[in-house]
Amino acid sequence: MEMPGSSPPDSDPAPRAGASAAPPPRPPDAATPAAVGSGPRWSSDRAFVATFVLLAVAAIVPIWRVRFLPLLDLPNHLAAVHIWHSFDEPWTRFRDFYELSLRPAPYGAYHILTHVIAYGVGLENANRVVLSGYVLAIPAAALGWARQTRRSPWLSVLTFPLAFSLSWACGFLPFLVGVALLLAGVVALDAYLDRPSLGRGAAVALLSVGCGLSHPLILFGYYVCVAVLMLCHLPRWSRIAVALPLFAPAVALVLWQLVTFKSPMVDLRSGPRFQGVWVPWHEMLRSFPEYTLDSVSGDLDARLFWVFLAVASLLGLSGVARRFLLGRSLPAREPGPPAGSLLDRLHRHRSLALCAAMAICYFLVPLHLARPFDWWFVSGRFSPFICFFGFLAITAPLQGRSRLLMAPAVAAALVLPLHLSEKYARFDERVQPFARMVERIPSGAEVLFLTLPPRTDESLIIEGTNHFSSWVQIMHGGFSADGWHNVGFPFTLKRRLPAPPSNRGEWFKPDVHGVAYDYVILRNERPDKPVFTAAHPSFRRIERDGAFTLYQHTR
């Protein structure tokens, strides 16, 4: 390990063979070219600090403005934490239906964080805290990466919107937490390879374990980044050798999971071990803006993507022109490969190398998987990583008036979360009758929630109420027919009640499913086509409010 202030372990006090000769000393009155990322520390740039804080506050407004955040899978993930966190509470009746299964497992990082934080702020606020941490972790990692690669901190502004990708709209909460851990892990590993220390080594080890606990796709992406980053730090062999043991805990965790953790999600029965669906490259290219920045109805969020891309392109061209016209290049932080060599260029532009690696994953990984995992939307989840490292590859210094080039991106980064919060607030208003119905149901009653066609909502691009059966469970306890019963963490199913699939409420049969419940809440029941007719006298309609109808089973 290197102590602060000592020479880098791979440095050589003597000039390298083949290295370019040192330039002659400059005259005392000669101007020194400004280096990218040089000058005053970013914390002393009051304009940047004010902008970053403003955008950070705006970015979490959608999370804290509403109760029912319309992210597709959010209710199921939060309900899983609720089962774990409130398992022994009598009112929840969870012991009747579930058994705890707390072995460290993929998908666990979100559940563990939310469960721990819930002891201090309650379940729903804990979820908001974790999601806020995810949203803010992306620009925070960008700030750290810009410092590591000697880029302008202003480039972090371009990364604020990347939190609100299609994965956000789908509510892939374990994956989203993994995004934050992956980016932090990349910054930590680069810092360690740049100047090893005990603290940085501990950060690499802990974040690697975190990636292993977040999501299998995150773990795959993280180790792709690790391989590329180590390649970019060649020929610093001793640092790479010292860094490799830091991944031993994460590798041991993965091996333990493969051997001992059994989940119904993993299909290893007879037949092909791997089945996926690939989409032609031109279709993936066409869908890139949608996958990166489309989470609500309308075209505004997709249009804002082009604003960020245009600003990034302009800054990129500015940086290239400045380098070739003025002869300015990125400064080396310490001795490394011979100046101008392939390895030197690779190290200086490792952001581009990581961007290229993520782009390869985007085009070569299947869009959907059937085996060994049943995953929807796989390769498309790499699109924000492509933008993250691509934006931070820009070499424009952004000092003085050149910072005005960021104005359109700042405005767009401010508009986007406020636009989302308005969409979410309208959705939240429309589901308030649902909340009131659940609150009036007596304790101990079993409740079934069904959403009928059309399942869409005017504010969303996803069917936002498909998993509201789990919101019933969060608010009222009991059984949710729509929970993550096939994950194996943090609970396993002991007993279930009959119900149709969450996205097929029209398959509901009162004599088969309804008889197991005390109350049924329907969304979008047509008055001219009631679900319960005269043939079902034991079901009595109690209330109809907005799109929701409450029935009681009188038994």
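See above for the structure.
It should be emphasised that the depicted structure is a prediction, and the values quoted were computed from it without experimental measurement.

What counts, and where the lines are drawn
Residues numbered from 1 in each chain as written. Predicted model: local features only at pLDDT ≥ 70, side-chain atom pairs only at ≥ 80, totals over all residues. Heavy atoms only, no water. Helix = DSSP H or I, 4+ residues; strand = E, 2+ residues; numbered from the N terminus. Areas by Shrake-Rupley, 256 points an atom, 1.4 Å probe, with all protein chains shown as cover. Phe/Tyr/Trp six-rings, centres within 6.5 Å; stacked < 30°, edge-to-face > 60°. Lys NZ or Arg CZ within 6 Å of the ring centre and 35° of its normal. Buried < 20%, exposed > 50% of the residue type's maximum accessible area, 1.4 Å probe, protein only. Salt bridge = Lys/Arg side-chain N within 4 Å of Asp/Glu carboxyl O.

### With respect to the overall build of the protein
Thought 1: The helix and strand inventory of the protein stands at 19 helices and eight strands.
Thought 2: With an accessible surface of roughly 24200 Å², the protein has 64% of that area assigned to carbon and sulfur atoms.

### Re the packing of aromatic side chains
Thought 1: Enumeration according to the criterion identifies 37 aromatic pairs in this entry.
Thought 2: Measuring from centroid to centroid gives 5.3 Å for F305 and W306, while their planes differ by 80°, and the two rings are edge-to-face.
Thought 3: Chaining the aromatic ring pairs together yields one cluster made of F288, Y291, F305, W306, Y362, F363, W376 and F377.
Thought 4: One cation-aromatic arrangement involves R381 over F172; the distance from NZ or CZ to the ring centre is 4.1 Å.

### Side note on unusual backbone geometry
Thought 1: A cis amide bond, omega 5°, links L234 with the succeeding residue P235.
Thought 2: The topology assignment puts P235 in the loop between α9 (216-232) and α10 (237-243).
Thought 3: Between P453 and P454 the backbone carries a cis peptide bond, its omega angle lying at -5°.
Thought 4: Structurally, P454 can be placed in the loop between β4 (447-451) and α19 (468-476).
Thought 5: Unusually for a residue other than glycine, R93 sits at a positive phi of about 60°.
Thought 6: You can see R93 is positioned in the loop between α3 (74-85) and β1 (98-100).
Thought 7: Although it is not a glycine, F377 adopts a positive phi angle of roughly 60°.
Thought 8: Relative to the assigned elements, F377 resides in the loop between β3 (368-371) and α16 (383-391).
Thought 9: On the basis of relative accessible area, F377 is assigned to the buried category, the value being 1%.

### Quick look at the pattern of salt bridges
When the charged atoms of two side chains with opposite charge come close together, those side chains can pair.
Thought 1: Following the criterion strictly, the structure yields 17 salt bridges and no others.
Thought 2: We note a salt bridge from E124 to R67, for which the minimum N-O separation is 2.9 Å. Of this pair, E124 sits in helix α5 (residues 123-148) while R67 sits in the loop between α2 (61-65) and α3, and the two are 57 residues apart along the sequence.
Thought 3: For R67, a relative accessible area of 29% gives the class partly exposed.
Thought 4: The partner of R286 in a salt bridge is E283, and the shortest N-O contact between them spans 3.0 Å. Of this pair, R286 and E283 both sit in helix α12 (residues 281-292), separated by three residues, roughly a single helical turn.
Thought 5: On the accessibility criterion, R286 (57% relative accessible area) is exposed.
Thought 6: Look at E283 and you get partly exposed, because its relative accessible area is 28%.
Thought 7: Within this structure, R430, D457 and E458 form a network of salt bridges that share partners.

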